[in-house]
Amino acid sequence: MDKVTVTINGRSFEARPGQSVLQTALDNGIHIPHYCFHPGLPVAGNCRMCLVEIEGVPKLQIACGTTVRDGMVIRSDNDRVRQAVRHVLEFLLINHPVDCPVCDQAGECGLQEYYMLVGRYDSRFAENKVVKHKKASPIGRWVMLDQERCILCSRCVRFTREITKTNEMAIFNRGDHAEIDVFPGGELHNRYSANIVDICPVGALTCRDFRFRCRVWYLKQAPSVCPGCARGCNIAIHFNPERPHHAGGRRVLRFKPRPNPHVNAFWLCDDGRYSYPFIDDHRLRFAALREEGGVRQLYLRDALDRLADWLRSAHAGRTAYLLSADASNEELFAARKLLRDALGVRCLLPDTGLRTGDADDFLICEDKHPNSRGARILFGLGESDPVSPERLEAVLGAEPPELLLVNRADLPGPLRDKILAAGTRLVFLGTNDNATAAAAHLVVPLAVFAEQAGTFTNIEGRVQKFELAVPPLGDAAPEWSVHQGLAERLSVDLAFPGPAAIFHQLAAEVDAFRGLSHESLTPHGAMIRHE
Amino acid sequence: MSERILSKRFGLADSHTIGVYEATGGYATARRVLQELTPAQVTDEVKKSNLRGRGGAGFPTGLKWSFIPRDTDRPVYLCVNADESEPGTFKDRHIMEQDPHLLLEGIIISAYAIGCHQAYIYIRGEYIPQIRRLRAAIQEAYGRGCLGRRILGSGFDLEVAVFTGAGAYICGEETALLESLEGKKGYPRLKPPFPAVVGLYGCPTIINNVETLANVPAILEKGGDWFAAVGANRSGGTRLFGVSGHVTRPGVYERPMGYSLKQLIFEDAGGILDGRTLKAVIPGGSSVPVLRADEIDIALDFESVAAAGSMLGSAGVIVMHDGTCMVRALQRLIHFYKDESCGQCSPCREGTGWLLKIINRIIRGDGRPEDVDVMRDVAEGILGNTICPLGDAAALPVISFVTKFRDEFEHFVRHKRSAVLAPVK
């Protein structure tokens, strides 16, 4: 039998044999309260919030630990179940400090949520609460522990046991003095530690980076893809558009993992998660021109006029473009159409983001660019074609180009000095300030991935879409619109009304992407055709 | 004198030695069973005997054995639960102390029935003399070919090892026992899967109480029908009743299932201490509902005690006379269960602590009129909603005490002192 039929609260549903009652209910939009259950972790069955009544079974059963049987009749909505769940919630709250006003979890706390859903009672607890050992105590680089807020669901313990297999955490003591902690003298030392903040249903584990930066109800979210490496873990960008006085003016405050069974399941590495500050910090906001006597800020349109002139006047074959694998497929395709195809510019892909030996057997890749695969496909490069910094020196240094366009990367200092000394005109198109930008003759500010919609192709060839979270800062613009502006000035026939249209054209012209559309990438992305 | 199955060697000089054991017929049954019967025949005989688990739950032993998957290619384990920790229960220690070979013979026959070649005796760490006795008896049994390779003239191999617990009540719960035996923290497991299918190290495992297994040699010697006839209803054989509390002669009494509770207290145990009046009896270890003095005219078998609203449990009979303050008595019980709650699941972890705080406050003289109802309601929130039976064990006494002796609790709240004048210390 490959399907069983169960009845939940009077409605019947199909379920896979072996599936839990809780998962079946959740899949069908019936919310059964739960704390310890997490779809990415083994079942613990300790919180007892998901008690349901099953016809023919005298005691209430936990929905997370009960496997569906054909014909099973389940109720989660009658008085008996409601009463039991209320009792369990009351138990979980008696020793909880209820310090919501100073708790960073407030607004996304399971206790608050279920109290409003099934609680709403007046406290009957007239006793002193159990005092535990650690309040606001760091247990690792990113994680803060408050044992008194903990409901001992053991998600964090199971995460370090089953997912990272690093076993830093355990539950110590027993009875109502039980508390989660790292082992004595130890700390969280895995590269996925902040996931335990995400899966903690209460305020026991909070993020040291995010704490007190912003109340979560001010945050908005945009679905996106982590730019930290070539894995392409699915994330939600949490941003705070209207309160720039919070968080020192940063608009983006955190990345949270978004489930994708094909890529990252429910998880995100700490490197990727905490890569977000580049969205707001050290950004290039306006175009700049280096002239006799200094650097002058100028409007983007004037910078594009200048760049178009330079492109027009450079001798054929004497212009080079250093691509960036941080750019989206759409941005890369625009560069390919204009620079490579129409203007015959020599395009090189430097592999500046390679951190050899840094990969693990889970999510982290050596290649720290989110779209290396896309860049290679779109520019017809093989695995070994990306140019290492040493080879870059050999290629560019031997015969310095007349005009060099650098996208985002920071050139090695000696190489930069060498080509500048050789009279090369250096143009920097980028998102963040660096030494190359500071030395460039012309700087064109680009929008980061969070400031535009687009797609990345991950290491496995999965094309994934990200949405605009915040508008570009200052005059910064998506790279594709820079190429569009240049094309107009150079009378090249390019029509790019927006990223969706560019992707449409890309899918029509590039074999690997044939058949894909922005729509077909929802929700979990789609694989390219085999190259 | 009634039939003595378990205590027949109690009191004999050197009853714990293999010499005395063999001289009084010991290991003859195991020898015959291993040579003449098939495992299925053994299980059938035990099924016929109506032997039910002596640890407390009273699950039919033969039926439990038959849950071992027939075609398993994994090792099968037998774990002997010798973690006897329930307050009021002190029967298994006497078997291990005075007749350890009876337990070993029971283990041999039972292991043969379920196809087990490695048995573990999980014994509470405080039972130091019993641990020594058991280890010595196991040594003797190995020396005499009763354990080890090709035992008792058969082709059957069986190793037995003693594992000492570290003093946690919860490790007497069968799945917490398995966790502890595996070297982990004693947390009960979710069931299903049941240990007969996924038990120790993930292998099929039977967990039986000491007293349960000590009955097995007699069943195979005299037949399941004989054993069933000794008992009453669907409860075969005898029980070792541990009578404690306010009686003249506390101790362990072996009596047949179905024996009169009144007779046990007033005749065998010599009646109430100091000639006082009986107030209450907990008939099956501290976790079962209490009976008032007017409720004790019952037979001691699983069915009859259940019909009276309590449980036979581990047959630890706790007797309380009229000098007992029921509020303080309940406080002791709650304190125990609160202390022993493992803390894994929410209702038991938080509920037992809450109950203790309320009753401590009542005893301090800070009780509030609503406390009695809150206690009952908290207990009902625990009851049936936990992973293991410890939650029920904590909740049932509370519910029965505050229901049956409500006036005493209300008196304590109102007058800030016990209703019992000059309560016993």
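Located above this text is the structure these notes cover.
S.K.: Sorry, what's going on with the overall build of chain A here?
M.R.: Counting secondary structure elements, chain A contains 14 helices and 23 strands. Based on the C-alpha atoms only, the size of chain A along its principal axes is roughly 85 × 50 × 40 Å. Taking the intrachain contacts of chain A between residues at least 6 apart in sequence as the baseline, contacts between residues at least 24 apart amount to 63%. About 21700 Å² of surface is accessible on chain A, with carbon and sulfur atoms providing 50% of the total. In chain A, which carries 63 positive and 65 negative side-chain charges, the distance between the mean positions of the two groups comes to 3 Å.

S.K.: Which parts of the structure should I look at to understand the overall build of chain B?
M.R.: Helix and strand counts for chain B stand at 17 helices and 11 strands. Scaling as 2.2 N^0.38, a compact globule of 425 residues should have a C-alpha radius of gyration of about 22 Å, and chain B matches this with 22 Å. With the principal axes as the frame, chain B shows a C-alpha extent of 70 × 45 × 35 Å. If you take every contact in chain B between residues at least 6 apart in sequence, the share linking residues at least 24 apart comes to 71%. Total accessible area on chain B is roughly 15400 Å²; 52% of this is exposed by carbon and sulfur atoms.

S.K.: I tried to follow the packing of helix H2 (residues 79–94) of chain A against helix H3 (residues 110–119) of chain A on my own but got confused; where do I start?
M.R.: Packed helix pairs are specified by the crossing angle of their axes together with the interaxial distance, meaning the distance between the axes. All names here are of chain A. For the pair H2 and H3, the least separation of the axes is 10 Å and the interaxial angle reads 145°. At the point where H2 passes H3, the crossing takes the left-handed sense. Where H2 abuts H3, its residues Val-85, Arg-86, Leu-89, Leu-92 and Leu-93 lie against Leu-111, Tyr-114, Tyr-115, Val-118 and Gly-119. Residue classes in the contact of H2 with H3 are distributed as eight nonpolar, one polar and one charged.

S.K.: Can you walk me through the pattern of salt bridges in this structure?
M.R.: Using the criterion set out here, one finds 70 salt bridges over all chains in the structure. Here Glu-340 of chain B and Arg-174 of chain A are joined by a salt bridge, their closest N and O atoms 3.2 Å apart. With Glu-340 of chain B in helix H13 (residues 326–340) and Arg-174 of chain A in the loop between strand E8 (169–172) and strand E9 (179–182), this pair bridges two chains. Among the residues examined, Glu-340 of chain B registers a relative accessible area of 10% and is labelled buried.

S.K.: Help me out: how do you make sense of the interface of chain B and chain A in this one?
M.R.: The figure often quoted for interface size is the accessible area lost as the parts come together. Counting from both sides, the interface comprises 33 residues of chain B and, opposite them, 34 residues of chain A. Counting each side, the surface lost to burial between chain B and chain A is near 2700 Å², with a carbon and sulfur contribution of 51%. For the salt bridge of Lys-338 of chain B with Asp-176 of chain A, the shortest nitrogen-to-oxygen distance reads 3.4 Å. Across the chain B-chain A interface, the total number found is 17 residue pairs in polar contact (both at pLDDT 80 or more).

S.K.: Would you mind showing me how to read the environment of Phe-159 of chain A here?
M.R.: Residue and element names in this part refer to chain A. Here Phe-159 is to be found in helix H4 (residues 155–163). Separated by 118 residues in the primary sequence, Phe-159 and Leu-41 have C-alpha atoms spaced 6.9 Å apart. Not counting residues up to four positions away in its chain, the partners in contact with Phe-159 are Leu-41, Thr-164, Lys-165, Tyr-192, Asn-195, Ile-196, Ile-199 and Trp-267.

S.K.: When you look at the sheet that holds strand E6 (residues 251–256) of chain B in this model, what are you seeing that I'm missing?
M.R.: Whether parallel or antiparallel, the strands of a sheet pair through hydrogen bonds between backbone atoms. Residue and element names in this part refer to chain B. Strand order in this open sheet of five strands is E6-E5-E11-E8-E9, and the pairing throughout is mixed. The open sheet has two free edges, formed respectively by E6 and strand E9 (291–292), since each of these has just one partner strand. Relative to strand E11 (residues 316–321), strand E8 (residues 278–282) runs antiparallel, the two sharing four bridges. Looking at the pairing, Val-281 lines up with Val-319 of E11.

S.K.: Help me understand the packing of aromatic side chains in this model?
M.R.: Two numbers describe a pair of aromatic rings. These are the distance of the centres and the angle of the planes. Residues and elements named next belong to chain B. The full count for this structure, using the stated rule, is 29 aromatic pairs over all chains. Taking the centre distance of 4.9 Å and the plane angle of 75° together, the rings of Tyr-169 and Phe-336 count as edge-to-face. You can see Tyr-169 sitting in the loop between strand E3 (159–164) and helix H8 (174–181) and its partner Phe-336 sitting in helix H13, a full 167 residues away along the chain. Residue Tyr-169 is classed as buried on the basis of its relative accessible area, which comes to 14%.

S.K.: What is the right way to read the sheet that holds strand E4 (residues 61–62) of chain A from this model?
M.R.: All names here are of chain A. Within the open sheet, the five strands sit side by side as E2-E1-E5-E3-E4. Their pairing is mixed. The open sheet has two free edges, formed respectively by strand E2 (11–15) and E4, since each of these has just one partner strand. Alignment of strand E1 (residues 4–8) against strand E5 (residues 73–75), held across two bridges, turns out to be parallel. Residue Thr-7 lies in a different strand from E5, and its bridge partner there is Val-73. This element, H2, spans strand E3 (51–54) and E5 of the sheet and lies at about 155° to E3.

S.K.: Honestly, the side chain of Arg-52 of chain B in this entry has me stumped. Any pointers?
M.R.: Residues and elements named next belong to chain B. With respect to the secondary-structure elements, Arg-52 resides in the loop between helix H3 (39–48) and helix H4 (61–65). Looking at Arg-52, the relative accessible area reads 16%, which means it is buried. A polar contact of 2.9 Å, which involves the side chain of Arg-52, links it to the side chain of Glu-303. Leave out the neighbours within four places in its chain, and Arg-52 touches Gly-58, Phe-59, Pro-60, Thr-61, Arg-234, Ser-235, Phe-302 and Glu-303.

S.K.: Help me understand the pairing of E8 of chain A, please; the structure alone is not making it clear to me.
M.R.: The two faces of the sheet receive side chains in turn, since in a regular strand these alternate between them. Residue and element names in this part refer to chain A. In terms of strand pairing, E8 meets E9 through four bridges, oriented antiparallel. Bridge pairing in E9 places Ala-170 opposite Asp-181. Counted between consecutive antiparallel strands, the loop separating E8 from E9 contains six residues, among which Asn-173 sits at a positive phi close to 65°.

S.K.: How do you make sense of a nonpolar patch on the surface when you look at a structure like this?
M.R.: A cluster of nonpolar residues, Phe-59, Leu-63 and Phe-67 of chain B, forms a patch on the protein surface that exposes about 260 Å² of accessible area. The topology assignment puts Leu-63 of chain B in helix H4.

S.K.: I would appreciate a short explanation of H4 of chain A in the present structure.
M.R.: Each full turn of the α-helix corresponds to 3.6 residues, which orients residues three or four apart in the same direction. Residue and element names in this part refer to chain A. Counting buried residues in H4 gives seven out of nine residues, a clear majority hidden from the surface. Three or more residues of H4 are buried, namely Arg-155, Cys-156, Val-157, Arg-158, Phe-159, Thr-160 and Ile-163. Contacts from the buried residues of H4 go to E8, E9, helix H5 (195–199) and strand E10 (205–207). Downstream of H4 by a residue or two, Lys-165 has a phi angle that is positive, lying close to 55°.

S.K.: Even after reading the chapter, I still don't get the layout of surface pockets, so can you show me in this structure?
M.R.: With a probe scaled to a water molecule rolled over the atoms, the places where space remains empty come into view. All names here are of chain A. Quantified by volume, the second largest pocket comes out at close to 1100 Å³. Together, 40 residues line the second largest pocket, and His-38, Arg-155, Asp-198, Ile-199 and Lys-256 are the ones closest to its centre. At the level of elements, H3, H5, E10 and strand E13 (252–257) are the ones that each hand at least two residues to the lining of the second largest pocket. No other element matches E13, which puts five residues into the lining of the second largest pocket. Residues belonging to the lining of the second largest pocket are distributed by class as follows: 21 nonpolar, nine polar and 10 charged.

S.K.: Looking at this model, I keep getting lost on the nonpolar core. Mind explaining?
M.R.: Ile-180 and Leu-205 of chain A are the most contacted members of the largest nonpolar core, which has 122 residues in total. At seven residues, H2 of chain A tops the list of elements feeding residues into this core. Excluding residues that lie within four positions of it along the chain, Ile-180 of chain A makes contacts with Leu-145, Gln-147, Cys-150, Leu-152, Cys-156, Val-157, Met-169, Ala-170, Ile-171 and Leu-205 of chain A. Core analysis: the next-biggest nonpolar cluster, separate from the first, contains 59 residues, Tyr-21, Ala-119, Ile-131 and Cys-146 of chain B among them.

S.K.: Looking at this structure, I do not really get empty space enclosed by the protein. What am I missing?
M.R.: Enumeration according to the criterion identifies four cavities of 30 Å³ or more in this entry. Estimates place the volume of the largest cavity at around 100 Å³. Around the largest cavity, the lining is made up of 13 residues, and of these Cys-226, Gly-228, Cys-229, Cys-269 and Gly-272 of chain A lie nearest the centre. Residue composition of the lining of the largest cavity, by class: seven nonpolar, three polar and three charged. If you add up the space inside the second largest cavity, you get close to 80 Å³. Lining the second largest cavity, in full, are Leu-92, Asn-95, His-96, Val-130, Lys-132, Gln-147, Glu-148, Cys-150 and Ile-151 of chain A together with Arg-349 and Glu-350 of chain B. Here the lining of the second largest cavity is built from residues that sort into four nonpolar, three polar and four charged.

Rules behind the numbers
- Residues numbered from 1 in each chain as written.
- Chains lettered and ligands numbered in written order.
- Predicted model: local features only at pLDDT ≥ 70, side-chain atom pairs only at ≥ 80, totals over all residues.
- Heavy atoms only, no water.
- Helix = DSSP H or I, 4+ residues; strand = E, 2+ residues; numbered from the N terminus.
- Contact = heavy atoms within 4.5 Å.
- Areas by Shrake-Rupley, 256 points an atom, 1.4 Å probe, with all protein chains shown as cover.
- Lys, Arg positive; Asp, Glu negative; His and termini not counted.
- Charge placed at Lys NZ, Arg CZ, Asp CG, Glu CD.
- Rg over C-alpha atoms; globule rule 2.2 N^0.38 Å.
- Axes fitted to C-alpha atoms, helices over the stretch in contact; angles between N-to-C directions.
- Left-handed = near helix turned anticlockwise from the far one by under 90°.
- Nonpolar A, V, L, I, M, F, W, Y, C, P; charged D, E, K, R; others polar.
- Salt bridge = Lys/Arg side-chain N within 4 Å of Asp/Glu carboxyl O.
- Buried < 20%, exposed > 50% of the residue type's maximum accessible area, 1.4 Å probe, protein only.
- Buried area = accessible area lost by both parts, 1.4 Å probe.
- Polar contact = N/O pair within 3.5 Å; in protein donor to acceptor, adjacent residues only side chain to side chain.
- Pairing = 2+ DSSP bridges.
- Phe/Tyr/Trp six-rings, centres within 6.5 Å; stacked < 30°, edge-to-face > 60°.
- Patch = residues over 30% accessible without salt bridge, like charges linked within 9 Å, V, L, I, M, F, W, Y side chains within 5 Å.
- 1 Å grid on protein atoms, 1.4 Å probe; cavity = no way out; pocket = protein on both sides within 12 Å on 5 of 7 lines; lining within 4 Å.
- Points joined across faces, edges and corners; volume = space filled by probe spheres on them.
- Core = buried A, V, L, I, M, F, W, Y, C linked by side-chain atoms within 4.5 Å.

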